[in-house]
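Structural characterization, general
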Amino acid sequence: MLFKALSAAVYGIDAHIIDVEVDFSGVVNEKMNFSTVGLPDAAVRESRDRVLSAIRHSGFDIPPTRITINLAPADVKKEGSGFDLPIAIALLGAYGALHIKDLSNFLLVGELGLDGNLRSVHGMLPIAVAAKARGIQNLVIPAGNAREAAVVEGVKVYPVRSLLEVRDLLNAAALGSMTQMPLTVMSMELLEELQIFAHDFKDVRGQQVAKRALEVAAAGGHNILMIGPPGSGKTMLAKRLPSILAPLRFEEALETTKIHSVAGVLNGDDGLVTHRPFRAPHHTISDAGLIGGGAVPRPGEVSLAHNGLLFLDELPEFPRNVLEVLRQPLEDGTVTIARASMSLSFPARFMLAAAMNPCPCGYFNDKSRDCHCTPPMIQRYVSKVSGPLLDRIDIHIEVPAVQYKELRGGSAAEGSAEIRTRVMAARERQHARFVEAAARNGQVRTRPSGRSASYAVYANAQMTTQQVRVFCELSSEAERILERAMQQQGLSARAHDRILKVSRTIADLEGVAEIAVKHIAEAIQYRTLDRSYWA
Ligand SMILES: Nc1ncnc2c1ncn2[C@@H]1O[C@H](COP(=O)(O)OP(=O)(O)OP(=O)(O)O)[C@@H](O)[C@H]1O
Ligand SMILES: [Mg+2]
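Residues numbered from 1 in each chain as written. Chains lettered and ligands numbered in written order. Predicted model: local features only at pLDDT ≥ 70, side-chain atom pairs only at ≥ 80, totals over all residues. Heavy atoms only, no water.

1. A look at the domain arrangement of the protein
Going by this rule: An automatic or database domain assignment provides the domain bounds reported here. Here, residues are in contact when the closest pair of their heavy atoms is within 4.5 Å. Accessible-area loss on putting two parts together, using a 1.4 Å probe and summing over both, is the definition of buried area adopted here. Here a salt bridge means any side-chain nitrogen of Lys or Arg lying within 4 Å of a carboxyl oxygen belonging to Asp or Glu. Pairs of N or O atoms are called polar contacts if they sit within 3.5 Å, as long as, within protein, a hydrogen donor faces a hydrogen acceptor (for residues adjacent in sequence, only side-chain-to-side-chain pairs). Here a helix means four or more residues in a row that DSSP labels H or I, a strand means two or more in a row labelled E, and each is numbered from the N terminus. Amino acids outside the nonpolar list (Ala, Val, Leu, Ile, Met, Phe, Trp, Tyr, Cys, Pro) and the charged list (Asp, Glu, Lys, Arg) are all regarded as polar, and Gly is one of them.
According to the domain assignment, the protein contains domain 1 (2–185) and domain 2 (201–533). Look at where the C-alpha atoms of domain 1 and domain 2 centre, and you get two points 43 Å apart. Opposite the 16 residues of domain 1 that make contact, domain 2 presents 21 residues. Between domain 1 and domain 2 the total buried area reaches about 1600 Å² when both faces are included, carbon and sulfur atoms providing 68% of it. Here domain 1 and domain 2 share 2 salt bridges between them. We note a salt bridge from Lys258 to Asp14, for which the minimum N-O separation is 3.0 Å. For the pair domain 1 and domain 2, the number of links is 6 residue pairs in polar contact (both at pLDDT 80 or more). Counting only elements with at least two residues in the side of domain 1 that touches domain 2, the list comes to strand E1 (2–11), helix H3 (124–134) and helix H4 (146–149). A per-element tally of the side of domain 1 that touches domain 2 places H3 first, with 3 residues. Considering only residue class, the side of domain 1 that touches domain 2 consists of 7 nonpolar, 4 polar and 5 charged.

Right under this line is the structure:
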């Protein structure tokens, strides 16, 4: 007898609906004959052992037969252990152990333990999105995945813990008496929850210039590099950056959650990623860890930081080849990983914050201590950060050692909440501008735009060249200043665009429509530091 169940396979950060068909023919000898067809990977092929054991431990007695399992469509690669549950259910259906005959309105996903208990799987959010797109209403999935699936409106999520529970649920559905309440989560509410941060800017004494630069970076989503001697507070400042970022928009939260769901780093309690991610990989990370990789590609740190912050502390300590792979995502906001069998793109639009010492001993340019490094040593050290990478960083600042007076000074520093209020206001201004422009051009903005794997523009740093031309008009005096800076400092065309974006953000922080001379001058100021170290 043939029986069919529906499941899903994750591919990149999207899922495809998969038909799981089970057929068996007559009792053969003593041994179970079990074959799986339809491009299964090793984990899917192994599911036979888990499924048979789970079925037996759940109290079903199945005779040895020839079983064929077909996963269709055959041209989509199936991987992972999520097919255990649909295979087990289709098998029970084929043996006549279920009252329900038609499972076309149910999507089943879950890994089975040998005892018949269910375990969570990765990528449940994209799976729920795919189910909704197909019009499948009921999602029967492991309890640990329930909250992330419930973020999708319009599908009913049934969290289950064991194979027997699934059998009971489906039998109840056949009788039209599903008593189990579907779980629903008000997704927007999660985002509006009070945001609490472990570190606050009020702990940082002095460093006004650095704080201002970080505020500008946060307001426009610009990349920032901090250079300074040991103990000046670079790491301390970077750790406080998340506390002044604007909250995620709902669409941004969905984008980020999809990636975290596929990577399996979602915490079971929160369905949605509610804070901008802060990823701070150690400098021993591999390029695959940073960018993504594996036989079946998984997202790396740059993608986990999508819509958030990637912090690279002690930048020159990262191997050069690892830093160089950052160039593509920093420019395009996506990473493409090519494999013999497939090529996948993951979103990777993050704000980069980096910190470093100016030389091996750390005290080059320091007022109070002598530097013992020779010029070639300093050159060798800073050149670990290449020109092209440096060119992609919009804001370069010096973080000098704090003076004793400032450190011990009585007056308290400004706290994160106040800075964040200004950042949020500037973000709102940017958002309103992009929405208004899109409405003028008759585009729908909340969906990913036509450019492959690109997303709507939420912040100044994400503007396209064309948008820069439209939104960053300069007065003739400001124009002259920029021209002079370009010539004197030998800035690239990329630097030119990035300076314009930063100046737009500075004007947005002030709440003015026009980019004035002082805005462009401050933006240029942030690009002068690299001359003194990399020259
Ligand atoms: N501006 C400051 N206000 C208050 N405390 C500070 C300040 N700067 C540094 N500190 C103190 O010094 C400690 C070390 O600072 P931090 O680790 O940020 O230095 P760093 O610049 O990252 O140094 P390194 O280059 O060695 O990594 C902080 O944990 C904090 O206690
Ligand atoms: Mg540090």
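2. A few points about the sheet that holds strand E18 (residues 395–398)
Basically, it comes down to this: By the convention used here, strands pair only if DSSP detects at least 2 bridges between them.
The sheet built from 5 strands is open, its strands ordered E11-E14-E17-E10-E18 with parallel pairing. The two strands at the open ends of the sheet, each matched to only one other strand, are strand E11 (278–279) and E18. Pairing geometry for strand E10 (residues 224–227) and strand E17 (residues 351–356), over 4 bridges, is parallel. The partner of Ile227 across the bridge, within E17, is Met356.

3. Details of the site of ligand 1
Formally: A cutoff of 4 Å decides nearness: a residue is near a molecule or strand if any of its heavy atoms lies inside that distance of it.
Taken together, 16 residues lie near ligand 1, and Arg205, Gly231, Lys234, Thr235 and Asn357 sit nearest. Note that a nitrogen atom of ligand 1 is positioned 2.7 Å from one of the backbone N or O atoms of Arg205. The contact in question runs from an oxygen atom of ligand 1 to an N or O atom on the side chain of Lys234, over 2.7 Å. At 3 residues, helix H8 (residues 234–240) tops the list of elements feeding residues into the shell around ligand 1. Per-class residue counts for the shell around ligand 1 are 6 nonpolar, 6 polar and 4 charged.

4. Quick notes on the pattern of salt bridges
The following threshold applies: Classification of residues uses two cut-offs on accessible area relative to the type maximum, computed with a 1.4 Å probe and protein chains only: under 20% is buried, over 50% is exposed, and between them is partly exposed.
Here the structure, examined in full by the defined rule, presents 25 salt bridges. Among the ionic pairs, Glu111 bridges to Arg119, the shortest N-O distance being 3.2 Å. Judged by its relative accessible area of 45%, Arg119 falls in the partly exposed class. A salt bridge links Arg212 to Glu522; the nearest nitrogen and oxygen atoms lie 2.9 Å apart. Taken as a pair, Arg212 in helix H7 (residues 208–220) and Glu522 in helix H21 (residues 517–525) lie far apart in primary sequence, 310 residues in all. What emerges from the salt-bridge pattern is a single network uniting Glu331, Asp391, Arg392, Asp394, Arg494, Arg498 and Arg527.

5. Considering the pairing of strand E9 (residues 156–160)
For E9, a buried count of 4 out of 5 residues is recorded, marking the element as mostly surrounded by other parts of the structure. Here strand E8 (residues 138–142) pairs with E9 via 5 bridges, running parallel. Each bridged residue has a counterpart across the sheet, and for Val140 the counterpart in E9 is Tyr158.

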